Amino acid sequence: MRILEVTGIRKCFGGLAAVDGIDFHIDQGEVVGLIGPNGAGKTTLFNLISGAITPTSGIIKFKGENITGLKPNEICRQGVARTFQLVKLFGDMTVLENVLLSYLFRKKRCTRNEAIIRCQEMLDIVGLLGLEWIPAKELTIAKQKRLEMARALATMPELLLLDEVMAGLNPSEVTKAIETIKNIRARGITILMVEHVMKAIMEISDRVIVFHNGEKIAEGKPADVVANETVIQIYLGG
């Protein structure tokens, strides 16, 4: 089943088309990588899908329903969650409190114990169980990024948008992040991930989409995309 369909999506800022007539789809259970140079339009696409901004034209469908132009909270309640390039945590709140906020957004009627247990499950998935009572600002960047994923998971998404969750991580942290994403996928969650770390893209993705100057220039299996001459010239180098 197609969980996400993007048709002719376009977003202009003044005279500049940051995303220019993009078409693609994601099937349920897939992990799709989105790569391209800085400024290619990848985060703008995430903002469009998640409702942070509205498109100039085009249609976005989630599970067959048109979500184009809906507010972020409405889209999140339908089952789409995202992370951000720069983590947006509540630094003075504990790790657990950060996740509880997301969980209670989606499930308002539950006992305190139920909410805590469910949020601890999310923290376990991302490898933060045992750090519940630490203020979020005291976590390392790598762990803050994992907390960002836990908060997104706490909204119980069917589609998770991951925006450069491995940026700034060292090799061992990248390896842990890859395992975390595999664990998330094992729970049946579909993933669209923007990433510059090609090790992760090659290891996790079923398909890869390449953006350049707001346009889709390539799409296919990871091995085919990295062998594409246009992709090599524009993005990978060679």
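Residues numbered from 1 in each chain as written. Predicted model: local features only at pLDDT ≥ 70, side-chain atom pairs only at ≥ 80, totals over all residues. Heavy atoms only, no water.

**Considering the environment of Ile116**
Relative to the helices and strands, Ile116 resides in helix α4 (residues 112-125). A relative accessible area of 14% places Ile116 in the buried class. The sequence separation of Ile116 and Glu97 amounts to 19 residues, and the corresponding C-alpha distance is 9.1 Å. Ignoring any residue separated from it by four or fewer positions in sequence, one finds Ile116 in contact with Leu96 and Leu100. (Helix = DSSP H or I, 4+ residues; strand = E, 2+ residues; numbered from the N terminus. Buried < 20%, exposed > 50% of the residue type's maximum accessible area, 1.4 Å probe, protein only. Contact = heavy atoms within 4.5 Å.)

**Side note on the sheet that holds strand β5 (residues 65-66)**
One open sheet holds the four strands; their spatial order is β2-β1-β4-β5, and the pairing between them is antiparallel. If you trace the sheet from one side to the other, it starts and ends with β2 (16-27) and β5, each paired once. (Pairing = 2+ DSSP bridges.)

**Points about unusual backbone geometry**
With the exception of glycine, the majority of residues adopt a negative phi angle, and the majority of peptide bonds are in the trans configuration. Non-glycine residue Lys63 carries a positive phi angle of around 55°. Checked against the element boundaries, Lys63 lands in the loop between β4 (57-62) and β5. A positive phi angle, near 60°, is found at Met156, a position not held by glycine. Look at Met156 and you get partly exposed, because its relative accessible area is 31%.

**Focus: the packing of helix α3 (residues 95-106) against helix α5 (residues 141-153)**
In a packed pair of helices, the relevant descriptors are the angle between the two axes and the axis-to-axis distance. At a minimum axis distance of 7 Å, the contact between α3 and α5 shows a crossing angle of 30°. Accordingly, the angle class assigned to the pair α3 and α5 is roughly parallel. Between α3 and α5 the crossing geometry is right-handed. On α5, the residues touching Val95, Asn98, Val99 and Ser102 of α3 are Leu147, Ala150 and Arg151. Looking at side-chain class alone, the contact of α3 with α5 contains four nonpolar, two polar and one charged residues. (Axes fitted to C-alpha atoms, helices over the stretch in contact; angles between N-to-C directions. Parallel < 35°, antiparallel > 145°, perpendicular 65-115°, else oblique. Left-handed = near helix turned anticlockwise from the far one by under 90°. Nonpolar A, V, L, I, M, F, W, Y, C, P; charged D, E, K, R; others polar.)

**Some details on empty space enclosed by the protein**
Overall, the coordinates contain one cavity of 30 Å³ or more when judged by the stated rule. Taken as a whole, the largest cavity encloses approximately 40 Å³ of empty space. Together, Ala142, Lys145, Arg146, Met149, Val165, Leu169, Glu173, Lys176 and Ala177 line the largest cavity. Here the lining of the largest cavity takes four residues from α5, the largest share from any one element. Taken together, the residues of the lining of the largest cavity sort by class into five nonpolar, no polar and four charged. (1 Å grid on protein atoms, 1.4 Å probe; cavity = no way out; pocket = protein on both sides within 12 Å on 5 of 7 lines; lining within 4 Å. Points joined across faces, edges and corners; volume = space filled by probe spheres on them.)

**Digging into α5**
Since the α-helix turns once every 3.6 residues, residues separated by three or four places project in the same direction. Taking 1.5 Å as the rise per residue, α5 with 13 residues should run 18 Å; its terminal C-alpha atoms sit 18 Å apart, in good agreement. Within α5, eleven of the 13 residues are buried, which leaves it mostly tucked inside the rest of the structure. If you follow the buried residues of α5, they end up packed against β6 (80-82), α3, α4, β7 (159-163) and α6 (171-186). (Expected span 1.5 Å × (residues − 1).)

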